[in-house]
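Okay, here's what each chain looks like letter by letter:
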Amino acid sequence: MSPATHYDIVVIGSGPAGQKAAIQGAKAGKRVAVIEREPGIGGGCVYRGTIPSKTLRESALQLERTKQSSTTLDVCVPPNIPVAALMRRVDDVVKAHGLYMENQLRRNGISFFHGRAKFCSATLIEMLSIDGVKQLITADTIVIATGSRPRAPVGIPIDHENILDSDSILSMIYLPRSLTVLGGGVVASEYASIFAALGVHVTLVDRADRPLQFLDEELVRMFVQSFEQGGGRYCAGQAVKDVRWDGISQVVTTLLDGQMIRSDKMLVAVGRQPNLEDLNLSATGLTLTEKGTLAVNEHCQTAIPHIYGVGDLLGPPGLASSAMEQGRRAVCHALGLPEGRSSDIPIGIYTIPEMASIGLDEAAGRARYREVMVGRARFDEIARGQISGICNGLLKLVADPTGEYLLGVQIVGEGATELIHVGQIALQHAGTIDSFVENIFNFPTLAEGYRIAALDILGQRQKRLASTAA
Ligand SMILES: Cc1cc2nc3c(=O)[nH]c(=O)nc-3n(C[C@H](O)[C@H](O)[C@H](O)COP(=O)(O)OP(=O)(O)OC[C@H]3O[C@@H](n4cnc5c(N)ncnc54)[C@H](O)[C@@H]3O)c2cc1C
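Below is a summary of the structure that appears in this document. (Residues numbered from 1 in each chain as written. Predicted model: local features only at pLDDT ≥ 70, side-chain atom pairs only at ≥ 80, totals over all residues. Heavy atoms only, no water.)

Note on strand geometry: in a regular strand, side chains alternate between the two faces of the sheet. Covered by surrounding structure in strand 14 (residues 265-268) are Lys265 and Leu267 together with Met266 and Val268, the residues of both alternating faces. Direction of pairing for strand 8 (residues 178-182) relative to strand 14: parallel, over a ladder of four bridges. Residue Val181 lies in a different strand from strand 14, and its bridge partner there is Leu267. (Buried < 20%, exposed > 50% of the residue type's maximum accessible area, 1.4 Å probe, protein only. Helix = DSSP H or I, 4+ residues; strand = E, 2+ residues; numbered from the N terminus. Pairing = 2+ DSSP bridges.)

The next subject is the site of the ligand. If you check the shell around the ligand, you find 37 residues, and the closest are Ala17, Glu36, Lys54, Asp312 and Ala320. In this structure, an oxygen atom belonging to the ligand sits 3.0 Å away from a main-chain N or O atom of Ala17. In this structure, an oxygen atom belonging to the ligand sits 3.0 Å away from a main-chain N or O atom of Gly44. Protein contacts shield 94% of the accessible area of the ligand, which totals 1,000 Å² for the unbound molecule. Elements that contribute at least two residues to the shell around the ligand include exactly helix 1 (16-27), strand 2 (32-36), helix 2 (43-47), helix 3 (50-69), strand 3 (111-119), helix 6 (186-197) and helix 8 (320-334). (Near = heavy atom within 4 Å. Polar contact = N/O pair within 3.5 Å; in protein donor to acceptor, adjacent residues only side chain to side chain. Areas by Shrake-Rupley, 256 points an atom, 1.4 Å probe, with all protein chains shown as cover.)

The next thing to look at is the side chain of Glu36. Within the secondary structure, Glu36 is located in strand 2. Notably, Glu36 is buried but unbridged: the nearest opposite-charge side chain belongs to Arg37, and the N-O separation is 5.1 Å. Side-chain polar atoms of Glu36 contact the backbone nitrogen of Glu38, separated by 2.8 Å. If sequence neighbours within four positions are ignored, Glu36 has contacts with Gly13, Ser14, Phe112, Phe113, His114 and Gly115. (Lys, Arg positive; Asp, Glu negative; His and termini not counted. Salt bridge = Lys/Arg side-chain N within 4 Å of Asp/Glu carboxyl O. Contact = heavy atoms within 4.5 Å.)

The subject of this paragraph is the environment of Ile12. Secondary-structure assignment places Ile12 in strand 1 (residues 5-12). Note: C-alpha distance between Ile12 and Gly318 (306 residues apart in sequence) is 18 Å. Excluding its chain neighbours within four sequence positions, the residues that come into contact with Ile12 are Ile35, Ala117, Phe119, Ile125, Ile142, Val143, Ile144, Ala145, Thr146 and Leu279.

The next subject is the sheet that holds strand 11 (residues 240-245). Within the open sheet, the three strands sit side by side as 11-12-13. Their pairing is antiparallel. Looking along the sheet, the strands with just one partner apiece sit at the ends: strand 11 and strand 13 (260-263). Neighbour to neighbour, the strand axes of the sheet diverge by 15° on average, direction disregarded. Direction of pairing for strand 12 (residues 251-255) relative to strand 13: antiparallel, over a ladder of four bridges. For Thr253, the partnering residue across the bridge sits in strand 13 and is Ile261. (Axes fitted to C-alpha atoms, helices over the stretch in contact; angles between N-to-C directions.)

This part covers the nonpolar core. Formed by 46 residues in total, the largest nonpolar core has its most connected members in Leu56, Ile169 and Phe195. For this core, the element with the most residues is helix 6, which contributes seven residues. Ala17, Met101, Ile110 and Ala330 belong to the second largest nonpolar core, which has 45 residues in total. (Core = buried A, V, L, I, M, F, W, Y, C linked by side-chain atoms within 4.5 Å.)

In this model helix 8 runs 21 Å from its N-terminal to its C-terminal C-alpha over 15 residues, within 8% of the 21 Å that 1.5 Å per residue would give. Taken as a whole, helix 8 has its buried residues at Ser322, Ala323, Gln326, Gly327, Arg329, Ala330, Val331 and Cys332. Against strand 1, helix 1, strand 5 (134-144) and strand 16 (307-309) lie the buried residues of helix 8. Of the residues flanking the end of helix 8, it is Gly336, one or two places downstream, whose phi is positive at about 70°. (Expected span 1.5 Å × (residues − 1).)

The five strands lie next to each other as 7-14-8-9-10, forming an open sheet whose pairing is parallel. The two strands at the open ends of the sheet, each matched to only one other strand, are strand 7 (163-165) and strand 10 (233-235). Taking each pair of neighbouring strands and ignoring which way they run, the sheet shows an average axis angle of 25°. Where strand 9 (residues 201-205) and strand 10 come together, three bridges link them in parallel fashion. Note on strand 10: the bridge partner recorded for Thr203 is Arg233.

As a further point, take the packing of aromatic side chains. Per the stated rule, a full pass over the model turns up four aromatic pairs. Judged by centre distance (6.0 Å) and plane angle (35°), the rings of Tyr191 and Phe195 are tilted. Of this pair, Tyr191 and Phe195 both sit in helix 6, four residues apart, roughly one helical turn. As far as burial versus exposure is concerned, Tyr191 and Phe195 are alike and both buried. Between Phe223 and Phe227 the ring centres are 6.1 Å apart and the planes differ by 20°, which places this aromatic pair in the stacked class. Of the two residues, Phe223 and Phe227 are both situated in helix 7 (residues 217-229); the distance of four residues between them amounts to about one turn of the helix. In this structure, Phe223 and Phe227 share a single accessibility class: buried. Taking NZ or CZ as reference, Arg31 lies 4.5 Å from the ring centre of Tyr7, over its face. (Phe/Tyr/Trp six-rings, centres within 6.5 Å; stacked < 30°, edge-to-face > 60°. Lys NZ or Arg CZ within 6 Å of the ring centre and 35° of its normal.)

Next comes the structure, spelled out in structure tokens:
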């Protein structure tokens with residue numbers, strides 16, 4: 001084996017976390033290498049997660065809009081629609097993204113190795129290429145960004161043909177007539193609502209009384225309502241006793257209460273598991289947490305100061321957006337560069353309808369301040385909502401007990417994941433509720449909802465003043 005090549009920074013994994021770590025290092029003038037076991041750059045986000053799922057979602061929305069806007073034609077989704085037809089654009093998007101990433105790495109002088117990395121010691125990495133050649137690499141800073149994979153629960157026979165996980169769901173050739181989705185998290189809820197919008201009979205099964213437990217209750221209630229109005233079913237508080245393929249055409253799911261659900265296909269989406277086992281971390285002296293994640297401090301630094309962990313392998317929130325920021329921050333810290341002020345992480349959920357959140361929700365606000373003021377704007381009261389047929393939506397502003405300062409924003413409805421950023425900036429700059437009234441919003445926009453919700457809070461403030469004065 002040839003002697004080890006030395007770099008200032010080595011990044012293992014080329015997903016959103018790894019990319020941003022590598023780019024930050026190169027921008028600071030450092031010699032950087034990225035090791036990736038897949039042929040393409042971009043990680044699970046590009047090939048199996050965000051980009052393919054959002055492409056399918058876009059197709060589902062386009063079909064929904066066609067159906068809604070057609071008053072004269074009776075448009076319906078034909079049965080047996082090839083999934084590939086709904087995913088036509090994904091190859092182009094993935095190719096364009098891969099090419100962009102490749103060029104970006106090249107432009108910034110970053111070395112790219114296609115191979116599987118593992119540790120020989122805390123400073124020495126062995127990279128095994130696909131043709132079996134081993135190469136040794138040392139680095140001053142090592143960033144582990146190996147991401148995660150779907151968790152496979154014991155006893156559920158995932159065969160990737162009838163019983164699928166989020167990596168294999170889009171390999172289905174035809175849209176099934178019915179789909180059982182196990183799980184109540186983001187991936188489960190997103191796919192459940194996307195397939196329901198495509199006309200598939202979807203049953204979402206979870207142990208909890210509502211999906212997306214970490215989100216504002218009112219938002220989730222509206223989402224479940226819309227999912228069920230669209231033909232989906234949420235099976236709450238249910239544990240699975242047994243799942244089997246009947247050998248002919250159906251997946252048979254037996255719940256603990258005895259209910260039996262038959263469906264053409266099943267999607268198992270019950271969480272993610274970090275990709276850390278193959279790295280031979282014991283050679284570094286690092287150990288994993290009970291949950292199998294890597295423990296890091298607020299700078300994403302592990303117990304070994306020159307080794308950092310970023311992205312999905314740290315556990316929640318498991319979002320590409322936060323993975324990117326962790327990658328950037330980790331390298332800034334390693335190089336002694338300012339990381340910048342850390343801000344609240346926005347949550348964007350691409351269910352149909354979308355949901356988004358930033359800062360404190362109503363329950364968290366009450367837990368901290370005992371009392372909060374909440375302003376609401378319903379999309380059907382906003383001109384743009386009416387014009388665009390986006391009436392099923394709600395924007396909530398959560399303010400401190402006096403109704404002066406913004407604590408958080410929660411939105412359900414199409415456009416939520418974009419709209420949330422207005423609230424994010426306001427929160428970061430300690431925005432007042434009055435500032436939403438004093439600023440002029442374009443008309444007609446959904447963003448006008450901020451003004452309407454703020455006026456709602458102003459009304460509550462006035463009522464309170466009047467009752468105190470009386
Ligand atoms: C269905 C689905 C939809 C999603 N939608 C969204 C969304 O809308 N918005 C959002 O923000 N997030 C979304 N996510 C989450 C997002 O995809 C992840 O948070 C993000 O990809 C994590 O980035 P990462 O860099 O940590 O890991 P990954 O993107 O998983 O990248 C890790 C990389 O490391 C490589 N690797 C692993 N082990 C080794 C090794 N030993 N040697 C070399 N390379 C290795 C892997 O091949 C992989 O390319 C979604 C996820 C799923 C599953």
